[in-house]
Amino acid sequence: QAKSDGRATYRYFSDEMTSRARERIEVETRLRRAVAAGQLVLYFQPQVDIASGCIVGAEALVRWNDPDEGLIPPARFIPVAEATGVIGEIGDWVLVEACRQGQRWRDEGLPPLTLAVNVSPRQFLLGDMVGRIAEVLEETGFPAQNLELEVTEGALMEREQDGLQALRRLRALGARIAIDDFGTGYSSLAYLKRFPLDVLKIDRSFITGLPDDADDVAISATIIAMGHSLGVEVLAEGVETPEQLAFLRGKGCDRFQGYLCSRPVPAGEFAALLRANVQQFRVAAVP
Ligand code: C2E
Ligand code: MG
Ligand code: MG
Ligand code: MG
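These figures come from a predicted structure and were not determined experimentally. (Residues numbered from 1 in each chain as written. Chains lettered and ligands numbered in written order. Predicted model: local features only at pLDDT ≥ 70, side-chain atom pairs only at ≥ 80, totals over all residues. Heavy atoms only, no water.)

*Asks:* It is not clear to me how the packing of aromatic side chains should be interpreted in this structure. Could you clarify?
*Replies:* Two descriptors summarise a pair of aromatic rings, namely the distance from one centre to the other and the angle between the planes of the rings. For the coordinates displayed, the defined rule picks out four aromatic pairs. Measuring from centroid to centroid gives 6.1 Å for Phe44 and Phe270, while their planes differ by 35°, and the two rings are tilted. You can see Phe44 sitting in strand β1 (residues 40-49) and its partner Phe270 sitting in helix α11 (residues 267-275), a full 226 residues away along the chain. Taken as a pair, Phe44 and Phe270 share a single burial class, namely buried. Taken together, a centroid distance of 5.1 Å and an interplanar angle of 45° make the contact between Trp105 and Phe270 tilted. Within this pair, whereas Trp105 is found in helix α3 (residues 87-107), its partner Phe270 is found in helix α11, the two being separated by 165 residues in sequence. In this pair, the class of Trp105 matches that of Phe270, namely buried. Three or more aromatic residues joined by ring pairs form one cluster here, namely Phe44, Trp105 and Phe270. Note that Arg263 overlies the ring of Tyr259, its terminal NZ or CZ placed 4.0 Å from the centroid. (Phe/Tyr/Trp six-rings, centres within 6.5 Å; stacked < 30°, edge-to-face > 60°. Helix = DSSP H or I, 4+ residues; strand = E, 2+ residues; numbered from the N terminus. Buried < 20%, exposed > 50% of the residue type's maximum accessible area, 1.4 Å probe, protein only. Lys NZ or Arg CZ within 6 Å of the ring centre and 35° of its normal.)

*Asks:* Mind showing me how you'd approach the site of ligand 1 here?
*Replies:* Around ligand 1 sit 22 residues, and of these Glu59, Arg63, Asp180, Glu240 and Tyr259 come closest. Here Glu59 contributes a side-chain N or O atom positioned 2.9 Å from an oxygen atom of ligand 1. With respect to ligand 1, the side chain of Arg204 contributes an N or O atom lying 3.2 Å from a nitrogen atom. Bound to the protein, ligand 1 loses 81% of the 810 Å² it would expose on its own. Among the detected pockets, ligand 1 sits in the largest pocket. Where the shell around ligand 1 is concerned, the elements lending two or more residues are β2 (55-66), α3 and β6 (176-182). (Near = heavy atom within 4 Å. Polar contact = N/O pair within 3.5 Å; in protein donor to acceptor, adjacent residues only side chain to side chain. Areas by Shrake-Rupley, 256 points an atom, 1.4 Å probe, with all protein chains shown as cover. 1 Å grid on protein atoms, 1.4 Å probe; cavity = no way out; pocket = protein on both sides within 12 Å on 5 of 7 lines; lining within 4 Å. Sits in = over half its atoms within 2 Å of the grid points.)

*Asks:* Before we go on, may I ask you to explain the coordination of the magnesium ion (ligand 2) in this structure?
*Replies:* Geometrically, a metal with four donors at the corners of a regular tetrahedron has ideal angles of 109.5 degrees, and one with six donors at the corners of a regular octahedron has ideal angles of 90 or 180 degrees. For the magnesium ion (ligand 2), the protein coordination sphere consists of Glu59 (OE), Asn118 (OD1), Glu150 (OE) and Asp180 (OD), at 2.0 to 2.2 Å. Binding-site remark: the magnesium ion (ligand 2) is held by donors from one chain whose sequence spacing is E-x58-N-x31-E-x29-D. Here the magnesium ion (ligand 2) and the magnesium ion (ligand 3) are spaced 3.9 Å apart, and both take Asp180 as a donor. With Glu59 in strand β2 and Asp180 in strand β6, this pair connects stretches of sequence that are 121 residues apart. Each member of the pair, Glu59 as well as Asp180, carries the same accessibility label: buried. (Donors = N, O, S within 2.8 Å, 3.2 Å for Na, K, Ca; no water.)

*Asks:* Where do I start with the packing of helix α5 (residues 129-140) against helix α7 (residues 160-173) in this structure?
*Replies:* Two quantities define a packed helix pair, namely the angle between the helix axes and the distance between the axes. Orientation of α5 relative to α7, taken along the N-to-C sense of each, is 20°, at an axis distance of 9 Å. When the axis of α5 is compared with that of α7, the two are roughly parallel. Of the two elements, α5 crosses α7, and the hand of that crossing is right-handed. Of α7, the residues touching α5 (which contributes Met129, Val130, Gly131, Ile133, Ala134 and Leu137) are Ala166, Arg169, Leu170 and Leu173. For the contact of α5 with α7, the class distribution of residues is eight nonpolar, one polar and one charged. (Axes fitted to C-alpha atoms, helices over the stretch in contact; angles between N-to-C directions. Parallel < 35°, antiparallel > 145°, perpendicular 65-115°, else oblique. Left-handed = near helix turned anticlockwise from the far one by under 90°. Contact = heavy atoms within 4.5 Å. Nonpolar A, V, L, I, M, F, W, Y, C, P; charged D, E, K, R; others polar.)

*Asks:* Just to check I follow, could you spell out the nonpolar core for this structure?
*Replies:* As a rule of thumb, nonpolar side chains are buried together in soluble globular proteins. Counting 82 residues, the largest nonpolar core has Phe124 and Leu248 as its most contacted members. Beyond its immediate stretch of four places on either side in the chain, Leu248 contacts Ile50, Ile207, Leu210, Ile224, Ala236, Val239 and Cys253. (Core = buried A, V, L, I, M, F, W, Y, C linked by side-chain atoms within 4.5 Å.)

*Asks:* Looking at this model, I keep getting lost on the pattern of salt bridges. Mind explaining?
*Replies:* Two side chains with opposite charge may pair up if their charged atoms get near one another. The final tally for this structure, using the stated rule, is 19 salt bridges. A network of salt bridges, in which partner residues are shared, links Arg30, Asp66, Glu69 and Arg76. (Salt bridge = Lys/Arg side-chain N within 4 Å of Asp/Glu carboxyl O.)

*Asks:* Where do I start with α7 in this structure?
*Replies:* Helical periodicity: at 3.6 residues per turn, an α-helix aligns residues three or four positions apart in one direction. Spanning 14 residues, α7 covers 20 Å between terminal C-alpha atoms, matching the ideal 20 Å at 1.5 Å per step. Along α7, the positions that sit buried rather than exposed are Gly163, Leu164, Ala166, Leu167 and Leu170. Down the axis, α7 shows its buried residues gathered within 165° of arc, on one side only. Residues Gln161 and Ala172 are exposed on α7 and point more than 90 degrees away from its buried face. The secondary structure elements touched by the buried residues of α7 are α4 (121-125), α5, β5 (147-152), α6 (153-158), β6 and α8 (189-194). Count one or two residues on from α7 and you reach Gly174, which has phi positive near 110°. (Expected span 1.5 Å × (residues − 1). Arc of directions from axis to C-beta.)

*Asks:* Sorry, what's going on with the coordination of the magnesium ion (ligand 3) here?
*Replies:* Within the protein, the atoms that donate to the magnesium ion (ligand 3) are Asp180 (OD), Asp181 (OD), Glu237 (OE) and Glu237 (OE), at distances of 2.1 to 2.4 Å. Owing to a relative accessible area of 26%, Asp181 belongs among the partly exposed residues under this scheme. Residue Glu237 is classed as buried on the basis of its relative accessible area, which comes to 12%.

Laid out in structure tokens, this is it:
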């Protein structure tokens, strides 16, 4: 009885694995075609300087505009892209598109912007990422100083020496480095000392409970204070309410990003937000 149960379970898993593997290959094929067919789209989410209330930058966030399914969020294809290596093509497309768009906005005379681009762990550690970034900056004319690369803690910890080397070369180019989702990875405070960093992005999960949740209050206030004593800027992700913003302002947080200002929007809509950049968050009303 037990034996046949075991075999049934084994067969179940085996079937499941096969279908998962098949699904992965199918998604991989569709993804490669999507990149080649120009079905990727970049959205931009404003980053606001908390002291001035002005939009000073944007995070570029990729979407897949599938003709049948419509707009597919990155959570549904970035993991597969990571696992299969398609992330190389996607990451390259995102980098080129972000720098091109950034340069276009400069040409149109829009206020100076920092554009943040997500770099996946695999992209970060494989190939000559820094060399490619230098090439794209050169080709597009977008200034390195205005490019911020978002890396996760995991990517840095995985191959520490390579990570450190890559960050140093990025810094030498003049680009900025942000740690994304800060506090959620296998954090080691030691790497804050070792790695050359410009920005810590406090993960949204620590912002959600502000200003009432005592743990979120303690964690976010600590990250802000620690960042500042280490000489790096601190950005809060996922700010949705004026109360959260008021708390962060009180703690001296430098920038925020979140639905309170805007969801990620297509380039045209972002340019409109930027043109109407009216310091709307300078004295955000707290009811
Ligand atoms: P992330 O880099 O941490 O990006 C922030 C995510 O939080 C975005 O989701 C954004 O839409 C969402 N968000 C921003 N403000 C708020 C808010 O106020 N409330 C809530 N509930 N959510 C908010 P999105 O665009 O779905 O991206 C998810 C993740 O996919 C990103 O997390 C990033 O890890 C990855 N991703 C997106 N674009 C790229 C890319 O070009 N390359 C790579 N490697 N990864 C990307
Ligand atoms: Mg990010
Ligand atoms: Mg993040
Ligand atoms: Mg996140």
